[in-house]
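Chains, contacts and geometry: an overview
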Amino acid sequence: MKMNENGEIKLDPDCELFRLGDPEYRAMSPLFKWWMPIGGATTGVCAVMFQNSLLRKPMRSGIQRHFIAAVIGFLIGEAGHRFSQRIAAEKDFQFYHYMTLHPEDFPPPKKILFRDYIEPWFPIR
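Not measured: the values here are computed from a predicted model.

Overview of helix 3 (residues 63–101)
Between its first and last C-alpha, helix 3 extends 57 Å over 39 residues, near the 57 Å set by a 1.5 Å rise per residue. Among the residues of helix 3, those classed as buried are His66, Ala69, Ala70, Gly73, Gly77, Glu78, His81, Tyr96 and Met99.

Things to note about the side chain of Asn52
Its place among the elements puts Asn52 in helix 2 (residues 30–54). The class of Asn52 is buried, set by a relative accessible area of 0%. Residues within four places of Asn52 in sequence aside, it is in contact with Lys57, Pro58, Met59, Ser61, Arg65 and His66.

Things to note about the pattern of salt bridges
All told, the structure shown has one salt bridge when counted by the stated rule. With its nearest N and O atoms 3.2 Å apart, the salt bridge here joins Glu78 to Arg82. Here Glu78 pairs with Arg82, and both are found in helix 3, just four residues apart, close to one helical turn. For Arg82, a relative accessible area of 55% puts it in the exposed group.

Cut-offs used in this document
Residues numbered from 1 in each chain as written. Predicted model: local features only at pLDDT ≥ 70, side-chain atom pairs only at ≥ 80, totals over all residues. Heavy atoms only, no water. Helix = DSSP H or I, 4+ residues; strand = E, 2+ residues; numbered from the N terminus. Expected span 1.5 Å × (residues − 1). Buried < 20%, exposed > 50% of the residue type's maximum accessible area, 1.4 Å probe, protein only. Contact = heavy atoms within 4.5 Å. Salt bridge = Lys/Arg side-chain N within 4 Å of Asp/Glu carboxyl O.

Below, the structure written as structure tokens:
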């Protein structure tokens, strides 16, 4: 954390994601964004196929039920994803609020160079 000339607390740019959120999903891969909806759709289709197997019907019979279950599963997965994002946003806001109230607990990170990790090397022959 840094102080402006006005005396305001300025966080590192990495901490701005706490305050602003990430509506463009810059920090997320597409896999993370879509795994819950696609998983819900897959679960819906598999549930219909399982029900068909229990009723001793061909697995792909009643294809309209497969499509309906896929759409419902996708919507449930999307709702679950939005719920988890909302919970994460609330936690992030609490972290950000704590960081702004207690800047002394969060000093700026020290810049570590690669040369600091290198140990002296002596060839043994």
